[in-house]
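# Results of the structural survey
The chain contents come next:
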Amino acid sequence: MEKVIVADAAIRVENLSKRYVLGRQSGNGGYVALRDVIADSVKSMGRRLMRPGARSESDETEFWALKDVSFEVAPGEVVGVIGRNGAGKSTLLKVLSRITEPTSGRITIDGRVASLLEVGTGFHPELTGRENIYLNGAILGMARTEIKRQFDEIVAFAEVERFLDTPVKRYSSGMYVRLAFAVAAHLNPEILIVDEVLAVGDAEFQRKCLGKMQDVATSGRTVLFVSHNMHSISLLCTTGIMLQRGEVLYQGGIQGAIDAYLSSFVIGTTASEQNPDAREGTGEYRYMEAQPSQELFDTAETKEVHFRIERRKGSVGRMCVSAHILDNRGTILMQCDGGLVGAVLDDAAGFTGTFRFTSPWLKPGTYQVDLFLYVAGVGVIDRCEGACNINISPLLPYPNSVAESGTSMGVVFADFSWETAPHGERGHAGIQNELTARPTEPSAR
């Protein structure tokens, strides 16, 4: 990768690294709260009572979230930071925002910085919407005069005028999110650092947020923007940085960054082809094989993936399985966490199993399956990205055909129905037609 040199950089990052120790709580800068003392005492007691073979402090593992990251951003540049889960994107933004201390490296920033890493941080549930606008604005670095000048615009953007003097604890989640984003969206720094904020609210409000971010992107401010939504990235950003396992894999034009991101899914090997010990996680257990139960699935039928897990070292007590299903743009369409349905495993020499899902109905194409093993509240044992692929038949699950535009929108199909009745007829007794989507019979193989 050719290094990009910027003479008068707004952001310059040199050999930045961040190391975590899995299984150890991060420090609080010398301050120890009573709750931490109590928690440590309970953990210490638990370790003394821990049965032989269970995890102990000696099992702590180093994890480098960032490794020798270097790049430069020119003033007024809008940079998309992309990469798969665990690539180090959010860690990078936290270090740049001075929320997290780096392990090594140097950062030079020229200009006032504002960070929008978690919508609603700093809101107090007992305060009214009006009071929280001032509180949250101050936390995000806005002067009181600046907040007052933009107050009406913030309220209009959030569409919460009627409830402005109501405590936010009585707000719906949608109202809360709208107000939080409205405050953050009206920041006026030279440098804005943004993490996944467009994935908030309903579809209409997301379009509104995207429009606001487009205004910010064309205002001459320097922006670092993290998102898994490649459409938003392509609309907002001019250049991109692709991270992989904490390292910069690509820096340059935004289309090149998106291509590098998408190719990371296409080129990925399956679980049986990977070196299991090179994957992320503490490694006591690893997925050794994963494959679909058949070569091609119909859209509406149950999809099955068979897998095999092997113990590699030590033991962990109880652990959970989990899976992500991703489309060919790397978007996570669904998360199927085994902990939600009681899929918990006790220590053993190994396991075989099957992961199944039926809904939502997947559109024709190829989808990636990522498999995970984790201990709740402790960390990831194995992150097996690209464990296998599943292929969906081009045959549609509906009884009738329509123009391509009738199925081109959306990312999945749905099991849906329509009911109609002539004017003047009352209730379901007057319904003349019931049009219901039903899956066709699975094709013979």
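Counting of residues starts from 1 at the beginning of each chain's written sequence and follows it residue by residue. Owing to the predicted nature of the model, reporting of local features is limited to residues with pLDDT of at least 70; listing and counting of side-chain atom pairs is limited to 80 or more, with chain, interface and lining totals taken over all residues. Think of the side-chain values as coming from all heavy atoms in the structure, minus any hydrogens and water.

## Some words on the overall build of the chain
A run of H or I in DSSP becomes a helix once it reaches four residues, and a run of E becomes a strand once it reaches two; helices and strands are each numbered from the N terminus. Summing up its helical and strand segments, the chain has eight helices and 21 strands in all. Relative accessible area decides the class of each residue, using a 1.4 Å probe on protein chains only: under 20% of the type maximum gives buried, over 50% gives exposed, and in between gives partly exposed. With 445 residues in all, the chain has 42% of them scored as buried. Whether two residues are in contact is decided by their heavy atoms: any pair within 4.5 Å suffices. Of all intrachain contacts in the chain linking residues separated by at least 6 positions in sequence, the fraction that spans at least 24 positions is 72%.

## Describing the packing of aromatic side chains
Where two aromatic rings form a pair, the distance of their centres and the angle of their planes describe that pair. Note on ring pairs: Phe, Tyr and Trp rings are taken, using the six-membered ring of Trp, and paired if centres are within 6.5 Å. Classes follow the plane angle, with under 30 degrees stacked, over 60 edge-to-face and the rest tilted. All told, the structure shown has seven aromatic pairs when counted by the stated rule. Ring centres 5.9 Å apart and planes at 45° place the aromatic pair Trp361 and Tyr398 in the tilted group. Taken together, the residues span a long stretch of sequence, with Trp361 in strand β16 (residues 361-362) and Tyr398 in the loop between β18 (379-392) and β19 (412-413) at a distance of 37 residues. Accessibility expressed as a relative area gives 6% for Trp361, which makes it buried.

## Describing helix α2 (residues 89-96)
Across the eight residues that make up α2, a large majority, six, are buried. Within α2, burial applies to Lys89, Thr91, Leu92, Leu93, Val95 and Leu96. Arg98 sits one or two positions beyond α2 and adopts a positive phi of about 65°.

## Some details on the sheet that holds strand β10 (residues 285-292)
Spatial strand order, β10-β11-β15: three strands in an open sheet with antiparallel pairing. Either end of the sheet is taken by a strand with one partner, and the two such strands are β10 and β15 (350-357). The average angle at which neighbouring strand axes cross in this sheet is 25°, direction not considered. Here the rule is simple: two strands pair whenever DSSP picks up at least two bridges between them. In this structure, β10 lies alongside strand β11 (residues 303-311), joined through seven bridges in antiparallel fashion. Bridging from a neighbouring strand, Ala290 pairs with Phe307 of β11. To obtain each axis, a line is fitted to C-alpha atoms, and for helices this fit is confined to the stretch in contact; angles are then taken between N-to-C directions over 0 to 180 degrees.

## Considering the side chain of Glu280
With respect to the element layout, Glu280 can be found in the loop between α8 (254-266) and β10. Judged by relative accessible area, which is 14%, Glu280 ranks as buried. Discounting residues that sit within four places of it in the chain, Glu280 has contacts with Phe63, Gly86, Arg245, Arg286, Ile381, Asp382 and Arg383.

## Regarding the nonpolar core
To define a nonpolar core, start from buried Ala, Val, Leu, Ile, Met, Phe, Trp, Tyr and Cys residues and group those joined through side-chain atoms within 4.5 Å. Ile133, Leu179, Phe181 and Ile233 are the most contacted members of the largest nonpolar core, which has 48 residues in total. It is helix α5 (residues 173-185) that contributes the most residues to this core, eight residues altogether. Apart from residues lying up to four places away in sequence, Leu179 is in contact with Phe123, Gly129, Ile133, Ala158, Val160, Val168 and Tyr171. In this structure, Val321, Ala323, Phe351 and Leu373 belong to the second largest nonpolar core, which totals 31 residues.

## Considering the confidence of the model for the chain
Think of pLDDT as the predictor's per-residue confidence, scored from 0 to 100. Per-chain confidence: the chain averages 80 in pLDDT, with 79% of residues scoring 70 or above. Across residues 26-32 the pLDDT falls below 50, and counting only partners more than four positions away or on other chains, this stretch makes two contacts in the model.

## Quick notes on the sheet that holds strand β7 (residues 222-226)
If you walk across this open sheet you meet the six strands as β5-β6-β7-β3-β8-β9, and the pairing is mixed. The open sheet has two edge strands with one neighbour each: β5 (113-116) and β9 (247-253). Taken over all neighbouring pairs, the strand axes of this sheet differ in orientation by 15° on average, direction set aside. Pairing between strand β6 (residues 191-195) and β7: five bridges, direction parallel. Residue pairing across strands places Val194 opposite Phe225, the latter belonging to β7. Together, β3 (78-82), β6, β7 and β8 (239-244) form the strand contacts of α2, whose direction differs from that of β6 by roughly 145°.

## Comments concerning the environment of Thr331
As for its position among the elements, Thr331 is in the loop between β12 (319-326) and β13 (332-337). Each C-alpha atom of the pair Thr331 and Met230 lies 8.4 Å from the other, and the pair is 101 residues apart in sequence. Those residues in contact with Thr331 that lie beyond four places of it in its chain are His228, Ile325 and Leu326.

## Side note on the pairing of β11
Summarising the sheet, β11 and β15 pair through eight bridges and their orientation is antiparallel. Looking at the pairing, Glu304 lines up with Arg356 of β15.

## Notes on the packing of helix α3 (residues 129-139) against helix α4 (residues 144-158)
Contact geometry for α3 and α4: axes closest at 10 Å, N-to-C directions at 130°. In terms of orientation, α3 lies oblique with respect to α4. The handedness of the crossing between α3 and α4 comes out as right-handed. Residues Arg130, Ile133, Tyr134, Gly137 and Ala138 of α3 touch α4, and the partners they reach there are Arg144, Ile147, Lys148, Phe151, Ile154 and Val155. For the contact of α3 with α4, the class distribution of residues is seven nonpolar, one polar and three charged. When describing relative orientation, an angle under 35 degrees is termed roughly parallel and one over 145 degrees roughly antiparallel, while 65 to 115 degrees is termed roughly perpendicular and anything else oblique. Less than a right angle of anticlockwise turn of the near helix away from the far helix marks a crossing as left-handed, whereas a clockwise turn marks it as right-handed. For this scheme, ten residues count as nonpolar: Ala, Val, Leu, Ile, Met, Phe, Trp, Tyr, Cys and Pro. Four count as charged, namely Asp, Glu, Lys and Arg, and the remainder, Gly too, count as polar.

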